[in-house]
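One letter stands for each residue in the lines below.
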Amino acid sequence: MNGSQENASSISDGISSDITIAKIFLYSVILIWSLLGNILVIVAILKNSGLKTNFNYLIVNMAVSDLIIPCLALPMKIADANVRPYEWLVDGQLGSFLCKMCYFVADISTAVSAFSLVIIAANRFFAIAFPMRGRLSKTKTLRLISLTWILAVMLLSPYLYTYQIEDGYGWTMCLSTWSPAFDDAVSEAIFTVFVIAVVFALPCFAITIFYSLMLCKLRQNSNNMAYMLNQEQYKRRRQKDKNIFIMTVVIMLLYVFLWGPFFCTLIILTFFVHVNNDNEHSVQTVIVTVQYLGYLNSAVNPCVYFYFLKNLRQGAKKLFLKTSWRRSTTDSTVHITTFRSRVTSLRGRRTSMKTSEV
């Protein structure tokens, strides 16, 4: 009996170890993919003056918010895979500060992305519906970008109270609790519903409205432009509007399909499923899966930008060409300098030989 228990325990440990390695590998893939992709988007836009448009500034804002995932959220998940459940490796006042701030900043990314998608949809709609006066100025665009971060900070500010470090099971843990000031279960349920409504449901509803109106306006504008522009200009303008429209729709759909399961799981766990010892492992598996899908969104977005935006691809290409040109220029400079030093040295030797002959 004891032998069979030991065998079962060793098998369980082996499975657990394999799962941990798989989680770390998958998190690492998204971390590298998302980090490189979003940095390339930001640098390509900011280093090319032709790409510094108001629409691209909104893309940069989304890329910056997506960078929070590989820079903070994923390293936390990789660390969690190597420690005991909810273990927090830093205690004391510093541990309490980090417990609050890490989860607070990590979840800001999702909120900023949602608000940015609404602004992008509104921006595209007004630019198409009112082409002469519907385009945002640079100042207004930067203000709206700031607003996305301010709203995200305000929305998630309760994290600064709820996340606390506690001693339990023999180690320090970072947990979210509303007590003692509020009823924990009720407050958690209200806050969860409010966050899902503001970050997911309302943005999806607003974006759907904007895109429906935009589609109608695009058809109307196509008929009008056909009489105002020549055939080549008309095709070019129509293709550009179509690409941007499809790109923004794809970004929205990716957000819905990749983050949607996570928010649906939160609702189910908050109101319909009670976690206990019997279903804890299954619940954790579901949470890890839907959370992974959400993090995947930050890695996929840069691929969408580069696929649909030809100017962005060209900007990235110029960036690589400049880098390679600078390297080749540096190498040739070193070669020329070395050659000159050798000539100078040779001249010096000849001069000294003549002096000695005299």
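None of these values were measured; they are calculated from a predicted model.

Scoring rules and cut-offs
- Residues numbered from 1 in each chain as written.
- Predicted model: local features only at pLDDT ≥ 70, side-chain atom pairs only at ≥ 80, totals over all residues.
- Heavy atoms only, no water.
- Helix = DSSP H or I, 4+ residues; strand = E, 2+ residues; numbered from the N terminus.
- Buried < 20%, exposed > 50% of the residue type's maximum accessible area, 1.4 Å probe, protein only.
- Contact = heavy atoms within 4.5 Å.
- Areas by Shrake-Rupley, 256 points an atom, 1.4 Å probe, with all protein chains shown as cover.
- Pairing = 2+ DSSP bridges.
- Expected span 1.5 Å × (residues − 1).
- Arc of directions from axis to C-beta.
- Core = buried A, V, L, I, M, F, W, Y, C linked by side-chain atoms within 4.5 Å.
- Patch = residues over 30% accessible without salt bridge, like charges linked within 9 Å, V, L, I, M, F, W, Y side chains within 5 Å.
- Salt bridge = Lys/Arg side-chain N within 4 Å of Asp/Glu carboxyl O.
- Lys, Arg positive; Asp, Glu negative; His and termini not counted.
- Charge placed at Lys NZ, Arg CZ, Asp CG, Glu CD.
- UniProt positions renumbered as here; feature names shortened; annotations may be inferred.
- Disulfide = S-S within 2.5 Å.
- Axes fitted to C-alpha atoms, helices over the stretch in contact; angles between N-to-C directions.
- Parallel < 35°, antiparallel > 145°, perpendicular 65-115°, else oblique.
- Left-handed = near helix turned anticlockwise from the far one by under 90°.
- Nonpolar A, V, L, I, M, F, W, Y, C, P; charged D, E, K, R; others polar.
- Bend = angle between axes of the 7 residues up to and from the residue.
- Phe/Tyr/Trp six-rings, centres within 6.5 Å; stacked < 30°, edge-to-face > 60°.
- Lys NZ or Arg CZ within 6 Å of the ring centre and 35° of its normal.
- pLDDT = per-residue confidence, 0-100.

Caption draft 1: Representation of the overall build of the protein within the structure. Counting secondary structure elements, the protein contains 9 helices and 2 strands. Counting the 358 residues in the protein, one finds 37% classified as buried. Counted over contacts in the protein with a minimum sequence separation of 6, partners at least 24 positions apart contribute 78%. Carbon and sulfur atoms provide 64% of the accessible area of the protein, an area that totals close to 21,600 Å².

Caption draft 2: Summary view of the pairing of strand β1 (residues 163–168). The sheet contact formed by β1 and strand β2 (residues 171–176) spans 6 bridges and is antiparallel. By the bridge assignment for β2, Ile165 is matched with Cys174. Linking β1 to β2, which pair antiparallel, is a turn of 2 residues; within it Tyr169 sits at a positive phi near 60 degrees.

Caption draft 3: Broad picture of helix α4 (residues 138–156). Counted at 1.5 Å a residue, the expected span for α4 with its 19 residues is 27 Å, and the 28 Å between its end C-alpha atoms agrees. Where α4 is concerned, the buried positions are Thr141, Ile145, Thr148, Ala152, Leu155 and Leu156. Here the buried residues of α4 occupy an arc of 100 degrees about the axis, which is enough to place them on one side. With respect to the buried face of α4, the exposed residues turned more than 90 degrees away are Lys140, Arg143 and Met154.

Caption draft 4: Up close: the nonpolar core. Core analysis: the biggest nonpolar cluster contains 82 residues, and Met247 and Leu312 have the highest contact counts within it. With 18 residues, the top contributor of residues to this core is helix α3 (residues 92–129). If we ignore the near neighbours within four places in the chain, the residues touching Met247 are Phe55, Ile59, Val304, Tyr305, Phe308 and Leu309.

Caption draft 5: Looking closely at a positive patch on the surface. Side chains of Lys47, Lys52, Lys138, Lys318 and Lys322 sit close together on the surface and give a patch of like positive charge. Secondary-structure assignment places Lys318 in helix α9 (residues 310–357).

Caption draft 6: Geometry of the UniProt feature "transmembrane region" (unreviewed entry) in the protein. Residues given the UniProt feature "transmembrane region" (unreviewed entry) here are residues 24–46, 112–130, 142–161, 189–215, 244–272 and 292–309. The annotated region residues 24–46 carries 100% helix and 0% strand content, and the separation between its end C-alpha atoms amounts to 33 Å. Counting secondary structure, residues 112–130 comes out at 95% helix and 0% strand; the distance between its end C-alpha atoms is 26 Å.

Caption draft 7: Here's a closer look at the state of the cysteines. The full count for this structure, using the stated rule, is 1 disulfide. Note on cysteine connectivity: Cys99 is disulfide-linked to Cys174, with sulfurs 1.9 Å apart. Here the S-S torsion is close to 80 degrees, and the disulfide linking Cys99 with Cys174 is therefore right-handed. Note that Cys99 is positioned in helix α3 and Cys174 in strand β2, a separation of 75 residues in sequence.

Caption draft 8: The packing of helix α2 (residues 54–80) against α3, seen in detail. At a closest axis distance of 9 Å, the pairing of α2 and α3 adopts a crossing angle of 155 degrees. Between α2 and α3, the interaxial angle falls into the category roughly antiparallel. Here the hand of the crossing between α2 and α3 comes out left-handed. For the contact of α2 with α3, the residue count by class is 18 nonpolar, 6 polar and 3 charged.

Caption draft 9: A look at the packing of α2 against α4. Close contact between α2 and α4 brings their axes to 10 Å; oriented N to C, the two are set at 20 degrees. With respect to α4, the element α2 is oriented roughly parallel. Seen along the crossing, α2 lies across α4 with a hand that is right-handed. Of the residues in α4, those in contact with Asn54, Tyr57, Leu58, Asn61, Val64, Ser65 and Ile68 of α2 are Lys138, Thr141, Ile145, Thr148 and Trp149.

Caption draft 10: Representation of helix α8 (residues 280–308). The terminal C-alpha atoms of α8 lie 42 Å apart, and with 29 residues this matches the ideal 42 Å at 1.5 Å per residue to within 8%. Largest kink in α8: about 35 degrees, centred on Ala299, with the proline Pro302 one to four residues after it.

Caption draft 11: Structural detail: the environment of Phe125. By the element assignment, Phe125 lies in helix α3. Each C-alpha atom, one on Phe125 and one on Tyr211, is 7.2 Å from the other, the two residues being 86 residues apart in sequence. When neighbours within four sequence positions are excluded, Phe125 is seen to be in contact with Phe210, Leu213 and Met214.

Caption draft 12: A look at the packing of aromatic side chains. Across all of its chains, the model carries 19 aromatic pairs by this definition. A centroid spacing of 6.2 Å and a plane angle of 35 degrees characterise the contact between Phe200 and Tyr255, whose relative ring orientation is tilted. Of this pair, Phe200 sits in helix α6 (residues 184–228) while Tyr255 sits in helix α7 (residues 231–271); the two residues are 55 residues apart in sequence, bridging distant segments of the chain. An aromatic cluster is built from Trp88, Tyr103, Tyr159, Tyr161, Tyr163, Trp178, Phe182 and Phe191, whose rings are joined through pairwise contacts. Here the guanidinium or amino end of Arg124 rests over the ring plane of Phe55, the centre of that ring lying 5.3 Å away.

Caption draft 13: Quick peek at the confidence of the model for the protein. With 79% of its residues at a pLDDT of 70 or more, the protein has an overall mean of 81. This model gives residues 334–346 a pLDDT under 50, and the stretch forms 0 contacts once residues within four places in sequence are excluded. The low-confidence segment residues 348–358, where pLDDT is below 50, has 0 contacts with residues more than four positions distant or belonging to other chains.

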